[in-house]
Amino acid sequence: MTKPLDATVTDIETRLDNTDHEALRLWLRLLACTNLVEAKVRQQLSRQFDTTLPRFDFLAQLERAPQGLTMSQLSEQMMVTGGNVTGIAKALEGEGLIKRRPDQKDRRIFRVVITSLGRKTFHQMAEAHEGWIVELFAGLSTEKQSELNDLLGGLKTGIQGLEIQTRG
């Protein structure tokens, strides 16, 4: 049986009422949904594969880069510190899922590549991950999912072009 998520931690929008600005209410609804989806994915990765979301993300980054990535590229793409990447790399290397090799152009730099075992393992996790996401979004019809995706795409574009004015 699945353990319920702690609503006080994941449902931050409950702090609001009808007098709060609609944009703030929307922001917290998006954040609450993101937190709920992420928590469910973390639970499933742990339960089915005895792994973590950062390890899954690490392998996903390498799967998209057949030539491998440097540790700093991994850190940048995953938006985590170099120390976090190093710890994950050591564990995955110990399990035979990745290899670290000196860069051919600069021997001081190591390039991290996914192994065939790592690729196989990642593909199993990615297939399950896709199923979880489909299940989590099943409350919305395909049409509603597409509509929401379009709306969020417009929001993203608008935000990217916006420079927030600071008040002094």
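Attention in this report is confined to the structure presented alongside it. (Residues numbered from 1 in each chain as written. Predicted model: local features only at pLDDT ≥ 70, side-chain atom pairs only at ≥ 80, totals over all residues. Heavy atoms only, no water.)

A short note on the pairing of strand S3 (residues 110-114)
Where we set the bar: For two strands to count as paired, DSSP must find a minimum of two bridges between them. We count a stretch as a helix when DSSP gives it H or I for four or more residues in a row; a strand needs E for two or more, and each element gets its number in order from the N terminus.
Pairing geometry for strand S1 (residues 69-70) and S3, over two bridges, is antiparallel. When the sheet's bridge partners are listed, Leu69 is paired in S3 with Val112. The sheet contact formed by strand S2 (residues 98-102) and S3 spans five bridges and is antiparallel. If you follow Arg101 over to S3, its bridge partner there is Arg111.

Some details on the packing of helix H2 (residues 22-49) against helix H3 (residues 53-63)
The criterion, for reference: Between the N-to-C directions of two axes lies an angle of 0 to 180 degrees, each axis being a line fitted to C-alpha atoms and, for a helix, fitted only over the stretch in contact. We call two directions roughly parallel when the angle between them is under 35 degrees, roughly antiparallel when it is over 145, roughly perpendicular when it lies between 65 and 115, and oblique otherwise. A contact between two residues is defined here by any heavy atoms of the two lying within 4.5 Å. Gly falls in the polar group here, along with every residue not listed as nonpolar (Ala, Val, Leu, Ile, Met, Phe, Trp, Tyr, Cys, Pro) or charged (Asp, Glu, Lys, Arg).
Running from N to C, H2 and H3 cross one another at 90°; their axes reach a closest spacing of 9 Å. The orientation of H2 with respect to H3, classified from their angle, is roughly perpendicular. Side by side, H2 and H3 meet where Glu38, Val41, Arg42 and Leu45 of the first sit next to Leu53, Pro54 and Phe56 of the second. For the contact of H2 with H3, the class distribution of residues is five nonpolar, no polar and two charged.

Quick look at the side chain of Thr70
For clarity, the threshold we go by: Whenever a nitrogen or oxygen atom comes within 3.5 Å of another N or O atom, the pair is scored as a polar contact, on the condition that within protein one atom can donate a hydrogen and the other can accept it, and that pairs from neighbouring residues in sequence are kept only if both atoms are in side chains.
Within the secondary structure, Thr70 sits in strand S1. Side-chain polar atoms of Thr70 contact the side chain of Ser72, separated by 3.2 Å. Among all residues touching Thr70, those that are not within four sequence positions of it are Ile109, Phe110 and Arg111.

Quick notes on the side chain of Gln44
Short version of the rule: Residue exposure (1.4 Å probe, protein chains only): buried if accessible area is under 20% of the type maximum, exposed if over 50%, otherwise partly exposed.
Inspection of the secondary structure assignment puts Gln44 in helix H2. A relative accessible area of 18% means that Gln44 is categorised as buried. One polar contact links Gln44 to Arg47, side chain to side chain, over a distance of 2.6 Å. When near neighbours in sequence (up to four residues on either side) are disregarded, Gln44 contacts Phe49 and Trp132.

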